[in-house]
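Per-entry structural report
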Amino acid sequence: MCLAVFVVGVVGDSFRPANMASISAYCKPEHYTRSLSLVRLAINLGFGMGPALGGILAHGFGYHWLFWVDGVTCIGAALLLRYFLVEKKTGPKQSEDVLQPIEKVLSPYRDKQFLIFMLLVTLNSIAFLQFFSMVPVFLKEAWHWEENIIGFLIAGNGIIITFVEMPLIFHLEGRHRKISLVMLGALMIGLGFMLLNFVPHRASAALLCLVAITFGEIFQLPFANSLVIDRSSASNRGLYLGLYSSAWSFGQIIAPNIGMNVADTWGFSTLWYILSGFCLLGWLGFWWLRRAGFEKTI
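Residues numbered from 1 in each chain as written. Predicted model: local features only at pLDDT ≥ 70, side-chain atom pairs only at ≥ 80, totals over all residues. Heavy atoms only, no water.

Right, let's talk about the overall build of the protein chain for a bit. Secondary structure assignment for the protein chain yields eleven helices and zero strands. Along its sequence from the N terminus, the protein chain presents helices and strands in the succession α-α-α-α-α-α-α-α-α-α-α. For 298 residues, the compact-globule formula gives about 19 Å, and the C-alpha radius of gyration of the protein chain, at 20 Å, lands near that figure. In terms of overall dimensions, the protein chain has a C-alpha envelope of 55 × 50 × 35 Å along the principal axes. Burial analysis of the protein chain (298 residues in total) assigns 45% to the buried set. (Helix = DSSP H or I, 4+ residues; strand = E, 2+ residues; numbered from the N terminus. Rg over C-alpha atoms; globule rule 2.2 N^0.38 Å. Buried < 20%, exposed > 50% of the residue type's maximum accessible area, 1.4 Å probe, protein only.)

Here we take up the nonpolar core. Core analysis: the largest hydrophobic core is formed by 73 residues, its most contacted members being F117, M118, W143, F193, W272 and F286. The greatest single-element share of this core, amounting to 13 residues, is contributed by helix α9 (residues 203-231). Beyond its immediate chain neighbours, meaning those up to four positions away, F286 contacts F117, L120, V121, N124, I179, V182, M183, A186 and Q220. (Core = buried A, V, L, I, M, F, W, Y, C linked by side-chain atoms within 4.5 Å. Contact = heavy atoms within 4.5 Å.)

This part is about the side chain of N157. Secondary-structure assignment places N157 in helix α7 (residues 147-172). The class of N157 is buried, set by a relative accessible area of 3%. Of note is the side chain of N157, whose polar atom sits 3.1 Å from the side chain of T214. For N157, the contacting residues outside a window of four places in its chain are N44, F131, F132, L210, T214 and E217. (Polar contact = N/O pair within 3.5 Å; in protein donor to acceptor, adjacent residues only side chain to side chain.)

On to the pattern of salt bridges, then. Scanning all chains against the criterion turns up six salt bridges. R34 serves as the salt-bridge partner of E173, at 2.7 Å between the closest nitrogen and oxygen. With a gap of 139 residues between them, E173 in the loop between α7 and α8 (178-195) and R34 in helix α2 (residues 32-60) connect regions that are remote in the sequence. Judged by its relative accessible area of 10%, E173 falls in the buried class. Classification of R34 by relative accessible area gives partly exposed; the value is 22%. Note that D111 and R231 form a salt bridge whose closest N and O atoms lie 2.8 Å from each other. Of this pair, D111 sits in the loop between α4 (93-99) and α5 (112-128) while R231 is found in helix α9, placing the two residues 120 residues apart along the sequence. A relative accessible area of 4% means that D111 is categorised as buried. (Salt bridge = Lys/Arg side-chain N within 4 Å of Asp/Glu carboxyl O.)

Because an α-helix packs 3.6 residues into every turn, residues spaced three or four apart end up facing the same way. Here helix α10 (residues 237-266) is 30 residues long and its end C-alpha atoms lie 42 Å apart, about the 44 Å a rise of 1.5 Å per residue gives. Largest kink in α10: about 35°, centred on I254, with the proline P256 one to four residues after it. Backbone geometry just after α10 places G267 at a positive phi near 100°. (Expected span 1.5 Å × (residues − 1). Bend = angle between axes of the 7 residues up to and from the residue.)

This brings us to the packing of aromatic side chains. Per the stated rule, a full pass over the model turns up 16 aromatic pairs. With centroids separated by 4.5 Å and ring planes inclined at 55°, the aromatic side chains of F114 and Y240 adopt a geometry described as tilted. Placement of the pair is F114 in helix α5 and Y240 in helix α10, with a sequence separation of 126 residues. Residue classification places Y240 among the buried positions, given a relative accessible area of 0%. Taking 6.0 Å as the distance between ring centres and 25° as the angle between the ring planes, the aromatic pair formed by F268 and W272 counts as stacked. Residue F268 and its partner W272 are located together in helix α11 (residues 268-291), separated by four residues, close to a single helical turn. (Phe/Tyr/Trp six-rings, centres within 6.5 Å; stacked < 30°, edge-to-face > 60°.)

What follows is about the environment of W287. Following the sequence through the fold, W287 ends up in helix α11. Through-space distance from the C-alpha of W287 to that of M183 is 7.0 Å; in sequence the pair is 104 residues apart.

Within the secondary structure, M194 sits in helix α8. Classification of M194 by relative accessible area gives partly exposed; the value is 25%. Sequence-wise, M194 and W272 are 78 residues apart; in three dimensions their C-alpha atoms are separated by 5.8 Å. Setting aside residues up to four positions removed in sequence, M194 forms contacts with Y273 and S276.

Residue-level pLDDT values for the protein chain average 85, and 92% of them are 70 or greater. By mean pLDDT, the top-scoring element of the protein chain is α11 (96), and the lowest-scoring one is α4 (46). Across residues 91-103 the pLDDT falls below 50, and counting only partners more than four positions away or on other chains, this stretch makes 28 contacts in the model. (pLDDT = per-residue confidence, 0-100.)

A contiguous nonpolar patch, built from L3, F6, V7, V10 and V11 and spanning about 510 Å² of accessible area, is present on the exposed surface. By the element assignment, L3 lies in helix α1 (residues 2-26). (Patch = residues over 30% accessible without salt bridge, like charges linked within 9 Å, V, L, I, M, F, W, Y side chains within 5 Å. Areas by Shrake-Rupley, 256 points an atom, 1.4 Å probe, with all protein chains shown as cover.)

Relative to the elements of secondary structure, E217 occurs in helix α9. In this structure E217 comes out as buried when scored by relative accessible area, which is 5%. Among residues more than four places away in sequence, those in contact with E217 are R40, F128, N157, I161, I189 and P222.

Have a look at this one:
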């Protein structure tokens, strides 16, 4: 079982940076953020449909059929990609012209500003991912909500992203600096966690927290992804996106551990203050990078 999970994890995590890097090959630079949002839309639709379909298959037909369907859909996706997409080994020529100044940085590990950006992304990922791991526990333990109501609340994240993100990104892209929107996203995520310490224990209060964190995600994730693509070149884009993906993977590993231990030792209130502090540190760091010309080097 452990070996199978390891293989699936390796393949899945290998797919993500390559998938993001392919966006630069199939779209123009001015459409990067919108393309990333479209990919996120597809992912969130999958997250919304996957658990429901998995539950139906596991409950009605058994786990055996669940794994068969999961495997067939993955193989089908691979065949569709192979059949419909013509492979492009480099991005469009115009993107190379835009990205030429950054060609001097051959490795992301030598790009000091990018490493600082990755540290800030990790801090924000540790905070943001608590929404899926610790907020449900908090609503159950502290507010005594039923599991089905908690499930509907968490599902609201995907619903908002599905209907709001693409139109909002279309409106924002090109009108505001990307790193400024990333900063706004960090503040909104921090605000969402801070609200849990001050709002009454009602559904409307939890919904307000959901909206703040989800809009923080919408502002931050697509534009942060786009900044990484802009920062890299055709020759090292996979390295940059791989490091970016690793930052989020590290956040996924450590976030539940931090959340559970802090909540168990000092309580949920302290946890929300700490997560808000992480987001504030992220905002300050992104502000410093903006002043240092992080986005201007594109």
